[in-house]
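Chains, contacts and geometry: an overview
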Amino acid sequence: MDLEGGSHRNTIKKDSWMTVLTLAYQSLGVVYGDLSASPLYVYKSVFAEDNEKITTNEEIFGVLSFVFWTITLIPLIKYVFVVLKADDNGEGGIFALYSKLCRNSRVGWFLPNSQVADEKISTYKKDSITCQPSFNAMVKATLEKHKVLQIVLLILALVGTSMAICDGVLSPAVSVYSAISGLELAISKHHHRYIEHPLACFILVCLFALQHYGTHRVGFLFTPVVITWLLCISGIGLYNIFYWNPQVYKALSPYYMYIFLKKSQRGRWMSLGGILLCIRGSEAMFADLGHFSQLSIKIAFTSFLYPSLVLAYMGQAAYLSKHHGKPIGFYVSVPDSIRWPVIIIAVLAAIVGSQAIITGTFSIIKQCHALNCFPRVKIVHTSSKIRGQVYIPEVNWTLMVLCLAVTIGFRDTTAMANASGLAVITVMLITTILMSLVMVLCWYQSVFFAICFILFFGTIEGLYFVASLVRFLNGAWVSLLLASVFFVIMYTWHYGSLMKYESDFHNKVPLDWLLGHGPSLDVVRVKGIGLVHTELVSGIPAVFSHFVTNVPAFHQTLVFLCIKSVHLPYVLPQERFLVGRIGQKEFRIYRCIVRYGYRDIHKDNIEFEKQLVCSIAEFIRSGREEQAVGVGVLHHDDNRITLVGISSAHTEGIRIWEDEEEEPLRVPSPGEIRELQSSIKKRELQPSVVQRKKRVTFLLPESPRIMDRDTQEELSELMEAREAGMSFILGDSNVRAKRGSNWIKKLLINHGYDFLSRNSRSATNGLCIPSASTLEVRMVCHV
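Fair warning: this is a prediction, and the values are worked out from it, not measured in the lab. (Residues numbered from 1 in each chain as written. Predicted model: local features only at pLDDT ≥ 70, side-chain atom pairs only at ≥ 80, totals over all residues. Heavy atoms only, no water.)

**Some thoughts on the overall build of the protein**
A count of helices and strands for the protein gives 26 helices and 12 strands. Counted over contacts in the protein with a minimum sequence separation of 6, partners at least 24 positions apart contribute 84%. Carbon and sulfur atoms make up 59% of the accessible area of the protein, which amounts to about 33,300 Å² in all. (Helix = DSSP H or I, 4+ residues; strand = E, 2+ residues; numbered from the N terminus. Contact = heavy atoms within 4.5 Å. Areas by Shrake-Rupley, 256 points an atom, 1.4 Å probe, with all protein chains shown as cover.)

Right, dumping it as structure tokens:
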């Protein structure tokens, strides 16, 4: 599956019908694997406690009516026709909605180093209208004015993300365990109890162990498996409808929902928590939007998935309506002659659905990591063609341990389904809330329309949410516990990172301090390029002043490098770099800001270094900042530095050519040999020994403009500095709460953030700089 460029497919050009149909075919295996497995456990979860109490068809028809209208209203009406339109430059999910709100309302304060220049990025789209309604403007102003409301909005996004990660733990356990539950009908009870649990754990271990290979290696099997499964359940459904009860279509009437609730007591109210499992996996339609187009996802759902699910549920209801008092589940309605093949197909479909959920969880965590809401972890891109395919080792093994703990601890599909149901409905409810805000603040729709949207869908999802909470002691507590842990981790990391940035910002050194030292900075300038990493987009980091004060030497070319994320899924390569000059040309000091979207892939070390050097070289060649390649002047730093957009990938800009040549070492004289340390052996000084030296050449474009002597000299020095190599200085602050701070702040900073910092990966591992040439300077700052 080549899904490259899916994020821009929705916005750049209109796909042909062949492309749309191909994407619709592929989406069945990637997007709908989890949703298609829901018939395995819905009826069993609904009637888990009172199978033998069902004496009439009203209960069965009532459940079918609830399932039919739930699938119709939420996945079909809400997601297909409304939510999919709220994409963020082709990307979907809770963070896409939050990012859209941040750009249109300026509430994204959790990225404190945002700049006005970021709004000049071509993909930084704002939904605009010629005349914004006054009430909508008032809502927007209120949200921008009150920081408490912004914090609530961020908490909503983090809670929804926590529940989505929690579902990444629960969904594989529910799907796999439900799929192999058919063994109880295929083998004897005596053997079943010794096979089911170990087999489920074995499949889960294999599933997580194969994650590092990436979905793209076996992805071509996903769609055929899901299609086979959907054809299987729809065919069995049709057989059961015509063979057992052709009148089951009457249950589609909403009247049976009324009868179901009217005759029900507390047990029937709790059964709503099982019914909502029929829409588990619906959020994937929006979350995986970046790999496909809106039209392809709509076609796949409406033309194939929706009718298959309806037939499957109707077939089960038709069978159960003629078998009162017997065990309830999916496999009891499967004819004995095809039960074994159906079990095999169900297990494969469950694995496909679980695979999609796990990789989706990796993508969610990558977004949180990019937006400073998750500790630093190792992110491996498993495919060069599919942008969203990532693998996170630490998260993978953590998910596996938690998934096995849930499977071994519960050993019951119903309890695991209760926990998964609460996570699913919480994510959907938060999506509804954020969608209503998008309607008002981004689409400038009538507030009345937004209120009707949240009242209608919020009421339905609220009923299911309450029904899930009623099952708190029957397994739902697990999802609350896991989500709480994930939320505390994300909020603690975000809060600590924000406090650290504020401390760095207040402690930054004025430019006057640097410029007052003169071109040499009062230190010896040695060959090479010195990269000083900082999260600041203006000013001089305090760590650099400490370094210069204590170390009497520095590189001939100095670059203050800021690598940051923006409220966008992707930033085009030609808009990634902002370059500016600090002081006069003789200083050879530059500021470079590198911008990435929250779904961008960071390039490898060599490629990144080349792009960085080319960007600086192109900035130098332009002569005047206003004539630089890119989008012109974007930002003024301290009223002295002009940052200019530079295209490192521009076809007409400077390109860099690097090679390594071998130079023979000359034979030292006997006197020189005696002066060397005695530990060096004489055989290491023979003429045959060679050393490698990097040769760097700038390939200048054909340009009518003639460079002056100063520009040529500056480019020549940059070339020599690149040949000498790069060094990276990283300032790492040990953040501590000030005396007199409240106990919550002390707990979050001194214990929570400190623990996460010490046990997460180093900041250099998340940057595109080789760690071998990195110098880390630690400081203690109080916030």
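**A short note on the pairing of strand β3 (residues 524-533)**
Here β3 runs beside strand β4 (residues 553-565); their pairing, made up of 8 bridges, is parallel. Bridge assignment links L531 to a residue of β4, and that residue is V559. Inspection of the sheet shows β3 paired to strand β11 (residues 726-736) by 5 bridges, in the parallel sense. If you follow H533 over to β11, its bridge partner there is L730. (Pairing = 2+ DSSP bridges.)

**Here's the deal with helix α12 (residues 255-263)**
Those residues of α12 that fall on the buried side of the exposure criterion are Y256, M257, I259 and F260. Along α12, the residues classed as buried sweep out an arc of 165° about the axis, all on the same side. With respect to the buried face of α12, the exposed residues turned more than 90 degrees away are Y255 and K262. (Buried < 20%, exposed > 50% of the residue type's maximum accessible area, 1.4 Å probe, protein only. Arc of directions from axis to C-beta.)

**What about the packing of aromatic side chains?**
Going through the model one piece at a time under the given rule, you end up with 20 aromatic pairs. Where Y501 meets F505, the ring centres are 6.4 Å apart and the plane angle is 20°; that geometry is what we call stacked. Of the two residues, Y501 and F505 are both situated in helix α20 (residues 476-506); the distance of 4 residues between them amounts to about one turn of the helix. For Y501, a relative accessible area of 7% translates into the label buried. (Phe/Tyr/Trp six-rings, centres within 6.5 Å; stacked < 30°, edge-to-face > 60°.)

**Notes on the side chain of R471**
By secondary structure assignment, the location of R471 is in the loop between α19 (447-470) and α20. The buried category is assigned to R471, whose relative accessible area is 6%. Polar side-chain contacts of R471 include one of 2.3 Å to the side chain of N418. Among residues more than four places away in sequence, those in contact with R471 are S45, V46, M270, S271, G273, G274, T414, N418 and A476. (Polar contact = N/O pair within 3.5 Å; in protein donor to acceptor, adjacent residues only side chain to side chain.)

**Considering the pattern of salt bridges**
Tallied over the entire structure, the rule returns 10 salt bridges. A salt bridge links D34 to R280; the shortest N-O distance between them is 3.2 Å. Here R280 lies in the loop between α13 (266-275) and α14 (284-287) and D34 lies in helix α3 (residues 33-36), a separation of 246 residues in the sequence. In this pair, the class of D34 matches that of R280, namely buried. Put simply, E717 and R588 hold a salt bridge, and the shortest N to O gap is 3.0 Å. Of this pair, E717 sits in helix α25 (residues 709-724) while R588 sits in the loop between β5 (577-581) and β6 (589-596), placing them 129 residues apart in sequence. For E717, a relative accessible area of 22% translates into the label partly exposed. (Salt bridge = Lys/Arg side-chain N within 4 Å of Asp/Glu carboxyl O.)

**With respect to the nonpolar core**
Formed by 163 residues in total, the largest nonpolar core has its most connected members in Y32, L40, Y43, I71, F301 and Y313. Among all residues touching Y32, those that are not within four sequence positions of it are S27, M285, I297, A300, F301 and L305. One finds V594, F619, I654 and M726 within the second-largest nonpolar core, a separate group that totals 26 residues. (Core = buried A, V, L, I, M, F, W, Y, C linked by side-chain atoms within 4.5 Å.)

**So, a negative patch on the surface**
A cluster of acidic side chains, namely E586, D708, D710 and E713, defines a negative patch on the protein surface. Secondary-structure assignment places D710 in helix α25. (Patch = residues over 30% accessible without salt bridge, like charges linked within 9 Å, V, L, I, M, F, W, Y side chains within 5 Å. Lys, Arg positive; Asp, Glu negative; His and termini not counted. Charge placed at Lys NZ, Arg CZ, Asp CG, Glu CD.)

**Details of α25**
Here α25 contains 16 residues, and its C-alpha end-to-end distance of 23 Å stays within 8% of the 22 Å for a straight helix at 1.5 Å per residue. For α25, every residue scored as buried is listed here: T711, E714, L715, L718, A721 and R722. Taken down its axis, α25 places every buried residue within 120° of arc, on the same side. Where α25 terminates, the next one or two residues include G725, which has phi positive at roughly 110°. (Expected span 1.5 Å × (residues − 1).)

**Focus on the environment of Y319**
Within the element layout of this structure, Y319 appears in helix α15 (residues 294-320). Taking C-alpha positions, Y319 is 9.3 Å from V334, a pair spaced 15 residues apart along the chain. Once residues lying within four places of it in the same chain are set aside, the contact partners of Y319 are N240, W244, V332 and S333.

**A closer look at the packing of helix α11 (residues 222-244) against α15**
Between α11 and α15, the least distance of the axes is 7 Å, while the angle of their chain directions is 40°. In terms of orientation, α11 lies oblique with respect to α15. The two elements α11 and α15 cross, and the hand of that crossing is left-handed. On the side of α11, the interface is formed by I227, L230, L231, I233, S234, G237, L238, N240, I241 and W244, while α15 contributes F304, L305, S308, L309, L311, A312, M314, G315, A318 and Y319. Residues belonging to the contact of α11 with α15 are distributed by class as follows: 15 nonpolar, 5 polar and no charged. (Axes fitted to C-alpha atoms, helices over the stretch in contact; angles between N-to-C directions. Parallel < 35°, antiparallel > 145°, perpendicular 65-115°, else oblique. Left-handed = near helix turned anticlockwise from the far one by under 90°. Nonpolar A, V, L, I, M, F, W, Y, C, P; charged D, E, K, R; others polar.)

**Observations concerning the packing of helix α5 (residues 57-81) against α19**
Contact geometry for α5 and α19: axes closest at 12 Å, N-to-C directions at 135°. Classified by the angle between their axes, α5 and α19 sit oblique to one another. Here α5 runs over α19; the crossing is left-handed. Across the interface between the two elements, F66, T70, L73, I74, I77 and K78 from α5 touch F453, F456, F457, I460, E461 and Y464 from α19.

**With respect to unusual backbone geometry**
One non-glycine residue with positive phi stands out, namely N372, at about 60°. Tracing the chain through its elements places N372 in the loop between α16 (339-370) and β1 (380-381). The backbone phi angle of R588 is positive, close to 55°, even though this residue is not glycine.

Just geometry here; none of it tells us what the structure is for.
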